[in-house]
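# Inside the fold
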Amino acid sequence: MSIRVEALTKVYGEQKAVDGISFMAGPGVLGFLGPNGAGKSTTMKILTGFIPQTSGTASVCGFDVVSQSLDVRKHIGYLPESNPLYLDMYVKESLAFIAGIHKVAEPEARIAEVIEQTGLGPEQHKKIGQLSKGYRQRVGLAQAIIHNPDVLILDEPTSGLDPNQLIGIRQLITDLGKTKTIILSTHIMQEVEAVCDKVIIINKGKIVADDTLSGLRNKNSNSTLEQIFISLTN
């Protein structure tokens with residue numbers, strides 16, 4: 001398994017943001033769902049080495065997120081919800097910058113490939129600050145995959161996309177999930193049903209569901225994912 005999480009806990013002051021969760025993820029797309037404040041983003045930040053856990057363990061591609069943080073980062077692509085970008089950089093310039101950090105071999109060829117994959121072609125010679133929100137989201141995704149990581153962690157990756165852009169990005173996520181392990185956090189249930197093989201629902205820091213989509217439906221009288229989500233998190 002690419003991702004292993006065991007008894008993971010994160011405490012802020014007196015609040016347990018993540019409360020002893022355990023799960024595993026392998027190649028495919030895992031939908032990581034929960035209401036606001038449930039602990040999703042905290043878990044993803046721990047997996048990427050962005051913040052340390054309070055207790056428990058987590059590993060990515062066999063590397064511990066605390067003691068082998070640099071190795072973890074080499075194997076992970078991360079698109080945070082805030083999607084921080086250098087707005088004064090041109091699209092290709094920003095991808096070259098990230099490719100340089102990761103020491104990507106043959107960067108020009110890889111940048112061209114990623115621009116094609118993410119549909120950035122028409123905008124590649126613009127400054128990021130001139131782009132629409134949807135195209136900025138694509139730049140964030142392009143930066144996350146530029147070094148061809150084994151694991152992708154995507155926090156609200158389709159935020160701000162129009163319906164046509166949605167289809168393209170969903171297809172890209174589906175294609176990437178054939179060979180990579182992807183954790184996809186979103187509030188859009190149709191998106192989960194369109195691209196995810198498996199679903200984890202977290203509520204108040206605890207996992208309340210961990211199953212395939214079909215398994216979840218079978219256990220819940222073939223309810224829709226939205227109905228299952230509401231019943232488990234209310």
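Residues numbered from 1 in each chain as written. Predicted model: local features only at pLDDT ≥ 70, side-chain atom pairs only at ≥ 80, totals over all residues. Heavy atoms only, no water.

Time to look at the overall build of the protein. Secondary structure summary: the protein contains 9 helices and 10 strands in total. Whereas a compact globule of 234 residues would reach a radius of gyration of roughly 17 Å, the protein reaches 18 Å, a difference of no more than 12%. Projecting the C-alpha coordinates of the protein onto the three principal axes gives extents of approximately 50 × 40 × 30 Å. For the protein, the proportion of its 234 residues judged to be buried stands at 50%. A separation of at least 24 residues holds for 67% of the contacts in the protein among residues at least 6 apart in sequence. Roughly 11,200 Å² of accessible area belongs to the protein as shown, and the carbon and sulfur atoms make up 51% of that amount. Of note, the protein has its 23 positive side-chain charges centred 3 Å away from the centre of its 24 negative side-chain charges. (Helix = DSSP H or I, 4+ residues; strand = E, 2+ residues; numbered from the N terminus. Rg over C-alpha atoms; globule rule 2.2 N^0.38 Å. Buried < 20%, exposed > 50% of the residue type's maximum accessible area, 1.4 Å probe, protein only. Contact = heavy atoms within 4.5 Å. Areas by Shrake-Rupley, 256 points an atom, 1.4 Å probe, with all protein chains shown as cover. Lys, Arg positive; Asp, Glu negative; His and termini not counted. Charge placed at Lys NZ, Arg CZ, Asp CG, Glu CD.)

The next subject is the sheet that holds strand E8 (residues 181–185). Spatially, the 6 strands line up as an open sheet ordered E6-E7-E8-E3-E9-E10, and their pairing is mixed. Taken across any chain shown, the strands that pair with only one partner, and hence form the sheet edges, are strand E6 (76–79) and strand E10 (206–212). The average undirected angle you get between the axes of adjacent strands in this sheet is 15°. Relative to E8, strand E7 (residues 151–155) is paired through 5 bridges, and the arrangement is parallel. The residue bridging Val151 from the neighbouring strand is Thr181, located in E8. Packed on one face of the sheet, helix H5 (residues 133–145) meets E6 and E7 and runs near 165° to E6. (Pairing = 2+ DSSP bridges. Axes fitted to C-alpha atoms, helices over the stretch in contact; angles between N-to-C directions.)

What follows concerns the environment of Met24. Looking at the secondary structure, you find Met24 in strand E2 (residues 15–25). When the C-alpha atoms of Met24 and Ser59 are compared, they prove to be 9.7 Å apart, with 35 residues separating the residues in sequence. In this view, Met24 contacts Met1, Ile3, Arg4 and Lys198; residues no more than four positions away in its chain are not counted.

All right, on to the nonpolar core then. As a rule of thumb, nonpolar side chains are buried together in soluble globular proteins. In terms of nonpolar packing, the biggest core is built from 44 residues, with Leu33, Leu154 and Ile173 touching the most fellow members. Considering each element in turn, this core owes the most residues, 6 residues, to H5. If we skip the residues at most four places from it in the chain, Leu33 touches Lys40, Thr186, Met189, Val192, Val199, Ile200, Ile201, Ile202, Leu225 and Phe229. The next biggest cluster of nonpolar side chains, apart from the first, holds 24 residues, and it includes Val5, Ile21, Phe23 and Ala38. (Core = buried A, V, L, I, M, F, W, Y, C linked by side-chain atoms within 4.5 Å.)

On to the packing of aromatic side chains, then. The full count for this structure, using the stated rule, is 2 aromatic pairs. Taken together, a centroid distance of 5.9 Å and an interplanar angle of 35° make the contact between Phe23 and Phe32 tilted. Between Tyr86 and Phe97, the ring centres sit 5.8 Å apart and the planes meet at 75°, which makes this aromatic pair edge-to-face. Placement of the pair is Tyr86 in the loop between E6 and helix H3 (91–101) and Phe97 in helix H3, with a sequence separation of 11 residues. Judged by relative accessible area, which is 36%, Phe97 ranks as partly exposed. (Phe/Tyr/Trp six-rings, centres within 6.5 Å; stacked < 30°, edge-to-face > 60°.)

On to the UniProt feature "domain: ABC transporter" (unreviewed entry) in the protein, then. This chain's UniProt record puts "domain: ABC transporter" (unreviewed entry) on residues 3–229. Helix makes up 37% of residues 3–229 and strand makes up 27%, while its end C-alpha atoms are separated by 24 Å. (UniProt positions renumbered as here; feature names shortened; annotations may be inferred.)

With that out of the way, let us pick up the layout of surface pockets. Once rolled over the atoms, a probe with the size of a water molecule shows which space is left empty. Put simply, the largest pocket is a space of about 790 Å³. Lining the largest pocket are 26 residues; nearest its centre among them are Ile76, Tyr78, Ile98, Ile101 and His102. Within the lining of the largest pocket, the residues separate by chemical class into 14 nonpolar, 9 polar and 3 charged. Looking at the second largest pocket, it is lined by 15 residues, and the ones nearest its centre are Asn36, Gly37, Ala38, Lys40 and Ser41. Breaking the lining of the second largest pocket down by element, the ones donating at least two residues are E2 and helix H1 (40–47). Of the residues in the lining of the second largest pocket, the class split is 3 nonpolar, 8 polar and 4 charged. (1 Å grid on protein atoms, 1.4 Å probe; cavity = no way out; pocket = protein on both sides within 12 Å on 5 of 7 lines; lining within 4 Å. Points joined across faces, edges and corners; volume = space filled by probe spheres on them. Nonpolar A, V, L, I, M, F, W, Y, C, P; charged D, E, K, R; others polar.)

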